[in-house]
Amino acid sequence: MTDYQAVLDTTLSHIQPLLLSGKVADYIPALAEQKLGQFAMALHTIDGKTYTVGDCQARFTVQSVSKVMTLTMALQRYEDELWQRVGKEPSGTAFNSLTQLEFENGIPRNPFINAGAIVTCDALFSRLGAPIYTMLEQYRRQSGNDKVVINKKVAQSEFEHRFRNAAMAYLMKSFGNFTNEVEEVLWCYFNYCAIEINCAELARTFSYLSNQGYCAQSQQQLLSAKQTKQLNSLLFTSGLYDAAGDFAYRVGMPGKSGVSGTIIAVVPGKFTVAVWSPGLDKFGNSVAGIAALECLSEQLNTAIF
Ligand SMILES: NC(=O)CC[C@H](N)C(=O)O
């Protein structure tokens, strides 16, 4: 039996020298208030045990990790139609790039870059009566904490500085790839990004990715085993934007990062792990977070390959 606690403890001592590396995201003023030097990591096994290290009480916003849940909820409601509106290919560009979107006629490369998540949000928006509340409730159920909230200050700050994301959404609208009111969908997207959680809750929330689509916490089959395999494959190729290849090489797991400094990663059939440390590299990925996952993967020797 693997001693996951020992693995996490070793990981923490390994990444200590990196805790002040990188820069906090400053293009969203409310996120710029995060302090360097913080770290938390939690691993949730498919038999329901959670192991933690670092400051697992600390709460942070999920940011782009929300894109995984948005896609999950959209896949519950759409079949192939969704893939007419968003692709499955790695983008090789920054998460907020506009150029490729113009060249490719308003069809984003994949659901894990901003344009792709925003169009997926638009699709979901068309199918939900109360899209923000429904999403929040889903996090509450899956995380096991019915007090999970949206950080309204972050949501508001993102909305006030929405220009790039708004440009993407309007560009998609101009190509006929947007159904609802742009501003309403953006507000919904920012609220999804601003859901506030801690590492242990986050690992539990995404435990279905390691458990063939089944969330034991909420007792829901969120996706079929096949859909889960497909989603993990897309995360592997595109979850870390234009650093997906480097992450695949170093960590060897499907993963998704967010600009709050969080990353989730999955070993199917074993566990989901969540890490958080706010210092980001130039791609917008947590420096200590990637190093921690690399260290974890080396110790366990259970990457998927
Ligand atoms: N990479 C990210 O985490 C980006 C999410 C952020 N809310 C944005 O839209 O810019």
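Starting from 1, residues in each chain are numbered consecutively following that chain's sequence as written. pLDDT decides what is reported in this predicted model: residues at 70 or higher carry local features, side-chain atom pairs at 80 or more are listed and counted, and totals for whole chains, interfaces and linings draw on all residues regardless.

We now examine the site of the ligand. In this entry, near means the residue's backbone-placed C-beta atom lies within 6 Å of the molecule or strand. Gln63, Ser64, Phe95, Asn96, Asn114, Glu158, Asn165, Cys193, Gly258, Val259 and Gly284 make up every residue found near the ligand. Class assignment of the residues belonging to the shell around the ligand gives a composition of three nonpolar, seven polar and one charged. Following the grouping adopted for this structure description, the nonpolar residues are Ala, Val, Leu, Ile, Met, Phe, Trp, Tyr, Cys and Pro, the charged ones are Asp, Glu, Lys and Arg, and the polar ones are all others, Gly among them.

This part takes up the environment of proline 29. Summarising the element assignment, proline 29 is placed in the loop between helix 1 (4-15) and strand 1 (40-45). Counting other C-beta atoms within 10 Å of each residue's C-beta, where C-beta atoms are placed from the backbone, gives the exposure class: buried for 20 or more, exposed for 12 or fewer, partly exposed between. For proline 29, a count of 14 C-beta atoms within 10 Å puts it in the partly exposed group. Each C-alpha atom of the pair proline 29 and valine 154 lies 8.2 Å from the other, and the pair is 125 residues apart in sequence. Contact criterion: two residues are in contact if their C-beta atoms, reconstructed from the backbone, are within 7 Å. Apart from the residues within four sequence positions on either side, proline 29 is in contact with Ser157 and His161. Going along the chain from the N terminus, every DSSP run of H or I of four or more residues is numbered as a helix, and every run of E of two or more is numbered as a strand.

This paragraph deals with the sheet that holds strand 4 (residues 149-150). Here, any two strands with at least 2 DSSP bridges between them count as paired. Strand order in the open sheet made by the three strands is 3-5-4, with antiparallel pairing throughout. Each having just a single partner strand, strand 3 (60-61) and strand 4 make up the two edges of the open sheet. Both strand 4 and strand 5 (residues 195-197) contribute to a ladder of two bridges, which runs antiparallel. By the bridge assignment for strand 5, isoleucine 150 is matched with isoleucine 195.

On to the packing of helix 1 against helix 13 (residues 287-300), then. It is at 9 Å that the axes of helix 1 and helix 13 come closest, and there the two elements cross at 135°. The orientation of helix 1 with respect to helix 13, classified from their angle, is oblique. The way helix 1 lies across helix 13 gives a crossing that is right-handed. Seen from helix 1, the contacting residues are Val7, Thr10, Thr11, His14 and Ile15; seen from helix 13, they are Ala288, Ala291, Ala292, Cys295, Leu296, Gln299 and Leu300. The convention used is that axes are lines fitted to C-alpha atoms, helices contributing only their stretch in contact, and that angles between N-to-C directions extend from 0 to 180 degrees. When describing relative orientation, an angle under 35 degrees is termed roughly parallel and one over 145 degrees roughly antiparallel, while 65 to 115 degrees is termed roughly perpendicular and anything else oblique. Working rule for handedness: look at the near helix, and if it is turned counterclockwise from the far one by less than a right angle, call the crossing left-handed; if clockwise, right-handed.

With that out of the way, let us pick up the pairing of strand 1. A regular strand places its side chains so that they alternate between the two faces of the sheet. Most of strand 1 sits out of view: five of its six residues are buried. Here strand 1 pairs with strand 2 (residues 50-54) via five bridges, running antiparallel. Residue pairing for strand 2: methionine 41 is matched across the bridge by valine 53. Relative to strand 10 (residues 271-276), strand 1 is paired through six bridges, and the arrangement is antiparallel. What sits directly across from histidine 44, in strand 10, is threonine 272.

Moving on: the UniProt feature "binding site: substrate" (unreviewed entry) in the protein. Cross-referencing UniProt, the feature "binding site: substrate" (unreviewed entry) maps to Ser64, Asn114, Glu158, Asn165, Tyr189, Tyr241 and Val259 in the present numbering. With respect to the element layout, asparagine 165 can be found in helix 8 (residues 163-174). The residues contacting asparagine 165, other than those within four sequence positions of it, are Asn114, Ile118 and Leu186. Structurally, tyrosine 189 can be placed in helix 9 (residues 182-193). Setting aside chain neighbours within four positions, we find tyrosine 189 in contact with Ala117, Ile118 and Cys121. UniProt positions are given in the numbering used here, feature names are shortened, and annotations may be inferred rather than shown by experiment.

Across the sheet, which stays open at both edges, the five strands sit in the order 2-1-10-9-8 with antiparallel pairing between neighbours. Of all strands in the sheet, those with a lone pairing partner are strand 2 and strand 8 (255-258), marking the two edges. Strand-to-strand, the axes of this sheet are offset by a mean angle of 10°, without reference to chain direction. Bridge analysis of strand 9 (residues 262-267) against strand 10 gives six bridges, and the strand direction is antiparallel. Paired with isoleucine 263 across the bridge in strand 10 is valine 275. On top of the sheet, helix 13 reaches strand 1, strand 8, strand 9 and strand 10; it is set at about 145° to strand 10, its chief contact.

As a further point, take the pairing of strand 9. In terms of burial, strand 9 is largely enclosed, as six of its six residues are buried. What you see with strand 9 is no split at all: Thr262, Ile264 and Val266 on one side and Ile263, Ala265 and Val267 on the other are buried throughout. Bridging between strand 8 and strand 9 involves four bridges; their strand directions are antiparallel. Its bridge partner being in strand 9, serine 257 is matched across the sheet by isoleucine 263. Here strand 9 folds back onto strand 10, and the loop between the two strands holds three residues, one of which, glycine 269, carries a positive phi near 80°.

The next thing to look at is the environment of glycine 22. Residue position: glycine 22 is located in the loop between helix 1 and strand 1. Through-space distance from the C-alpha of glycine 22 to that of aspartate 281 is 5.3 Å; in sequence the pair is 259 residues apart. Setting aside residues up to four positions removed in sequence, glycine 22 forms contacts with Gly279, Leu280, Asp281 and Val287.

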